[in-house]
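Listed below, chain by chain, are the residues.
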Amino acid sequence: MSLDLETLNAFISANGPTARVVITAHKGSTPRETGASMLVSAETISGTIGGGTLEYQAIEDARALLAEGTSHRAFKHPLGPALGQCCGGSVDLLIERFTKAPLSGRPYARSLSDTPQPLSITRLLSQARQGSPIRPTLTDGWFIEPPTFPATPVWIWGAGHVGRALATALSELPFNVTWVDDAPERFPSKIPANANRLIAASMPDAAKHSPAEAHHIVLTYSHALDLALTHALLQRPHASIGLIGSATKKARFLKRLHAAGLSPATTAKLVCPIGHRALGKEPAAIALGVAFGLLETTRAGQKPASAGKTEGNVA
């Protein structure tokens, strides 16, 4: 993740003074990684650092900081019995108060302890000026983040074979990926740099954290979970929703979604199957077709030509 200046400015404009909560470091098993962030105002939140007690406590701390007018505060949280979370790792959080976003176009480095800029940060800034990418880094009492420029949000729901293939296919493309599953062991040990892992005990409940402009690809391990997720996502603003499966699966889902109260107009844009029939049914082939469709959609501003022309990818 990076510091999304556009989103921060828009949130401040809509909600006033804003506290940004960012994970500056993580160890062991954690719901989100370093760089994941959320925005908090007196009445509104946007984004997530993983949910649960950790997030609830962070929101309380952020609103207390806003009320006090304090500039920033750092916290360290072990994700064990104290927070009622079973991940077993730990996260370092930084909460900062903003009334306007930092200057754009360059990495944002700041001290957490009022110490002079260390050589490690100077080197990272120099590397950035020379064109080398940097990642969010906590070092020598300073935290540095690269600025981000608008990237299309894609939420991948499921970390099975096709989810992994899709995350890989999107790894070098202009997408900001949120990768969701309910079990940490389903994820690979390393995930792409443009992806952020989100472990959600209830994946349909996590849908409320997704931005209105997000594209969704639903491909979990369970048909029942696919249905619950599709139902939740269709009731939220979205750019598109793709569902892994077959024409038969789509017909069955539509029947159940309509019986649950969703109108045909609401479900009309659901894309199922996903991918491209001519490429085959292997996970990498499905992922390639989905990636092509997302690129075609976002760059041309229209529905991909392949959408709806595939059949029987993975039921």
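Up top is the structure.
Residues numbered from 1 in each chain as written. Predicted model: local features only at pLDDT ≥ 70, side-chain atom pairs only at ≥ 80, totals over all residues. Heavy atoms only, no water.

### So, the overall build of the protein
So the rule is basically this: Secondary structure elements are taken from DSSP: a helix is a run of H or I of four residues or more, a strand is a run of E of two residues or more, and numbering for both begins at the N terminus. What makes two residues a contact is simply this: any of their non-hydrogen atoms within 4.5 Å. Surface accessibility in these figures is a Shrake-Rupley result with a 1.4 Å probe; residues are shielded only by whichever protein chains are displayed.
A tally of helices and strands in the protein yields nine helices and 15 strands. For the protein, restricting intrachain contacts to residue pairs at least 6 apart in sequence, the fraction spanning at least 24 positions comes to 59%. Just so you have it, the protein exposes about 14800 Å², and 54% of that area is on carbon and sulfur atoms.

### What to know about helix H1 (residues 5–15)
Stated precisely, the cut-off is as follows: Type-normalised accessible area, obtained with a 1.4 Å probe on protein chains alone, sets the label of each residue: buried when under 20%, exposed when over 50%, and partly exposed for intermediate values. When we speak of the arc, we mean the arc of directions from the helix axis to the C-beta atoms. Any pair of nitrogen or oxygen atoms within 3.5 Å is treated as a polar contact; in protein, a donor-acceptor pairing is required on top of that, and neighbouring residues in sequence qualify only through side-chain atoms on both sides.
Taken together, the buried positions of H1 are occupied by Leu 5, Leu 8, Phe 11 and Ile 12. Buried residues of H1, viewed axially, fall in a sector of 130 degrees; they line one side. Exposed side chains of H1 directed beyond 90 degrees from the buried face belong to Glu 6, Ser 13 and Ala 14. Looking at where H1 begins, the residue whose side-chain oxygen comes 3.3 Å from the main-chain nitrogen of Glu 6 is Asp 4.

### A short note on the environment of Ala 128
Relative to the helices and strands, Ala 128 resides in helix H3 (residues 119–129). The partly exposed category is assigned to Ala 128, whose relative accessible area is 22%. For the pair formed by Ala 128 and Pro 107, sequence separation is 21 residues and the distance between their alpha carbons is 7.5 Å. Not counting chain neighbours up to four residues away, the residues in contact with Ala 128 comprise Pro 107 and Ile 134.

### Topic: the pattern of salt bridges
Convention followed: When a carboxyl oxygen of Asp or Glu lies within 4 Å of a side-chain nitrogen of Lys or Arg, that pair is called a salt bridge.
By the definition in use, this model includes nine salt bridges. The partner of Arg 110 in a salt bridge is Glu 145, with the nearest N and O atoms 2.7 Å apart. Pair noted here: Arg 110 is in strand E7 (residues 108–111) and Glu 145 is in strand E9 (residues 142–145), with a separation of 35 residues, a long-range link. Each member of the pair, Arg 110 together with Glu 145, is buried. The residue Arg 186 makes a salt bridge to Asp 181 at a minimum N-O spacing of 2.6 Å. Because the salt bridges share partners, they merge into one network encompassing Arg 20, Glu 96, Arg 110 and Glu 145.

### Topic: the nonpolar core
So the rule is basically this: For the purposes of this section, nonpolar cores are sets of buried Ala, Val, Leu, Ile, Met, Phe, Trp, Tyr and Cys residues that join through side-chain atoms within 4.5 Å.
Within the largest apolar cluster, 25 residues are counted, with the highest numbers of intra-cluster contacts made by Ile 156, Leu 170 and Ile 274. When residues of this core are traced back to their parent elements, those giving at least two are strand E11 (152–157), helix H4 (161–169), strand E12 (175–181), strand E13 (195–199) and helix H9 (283–300). For this core, the leading source of residues is H9, giving six residues. Apart from residues lying up to four places away in sequence, Leu 170 is in contact with Val 154, Ile 156, Phe 175, Val 177, Asn 194, Ala 291 and Leu 294. Among the nonpolar cores identified, the runner-up in size contains 24 residues, and Leu 225, Ala 232, Leu 234 and Leu 254 belong to it.

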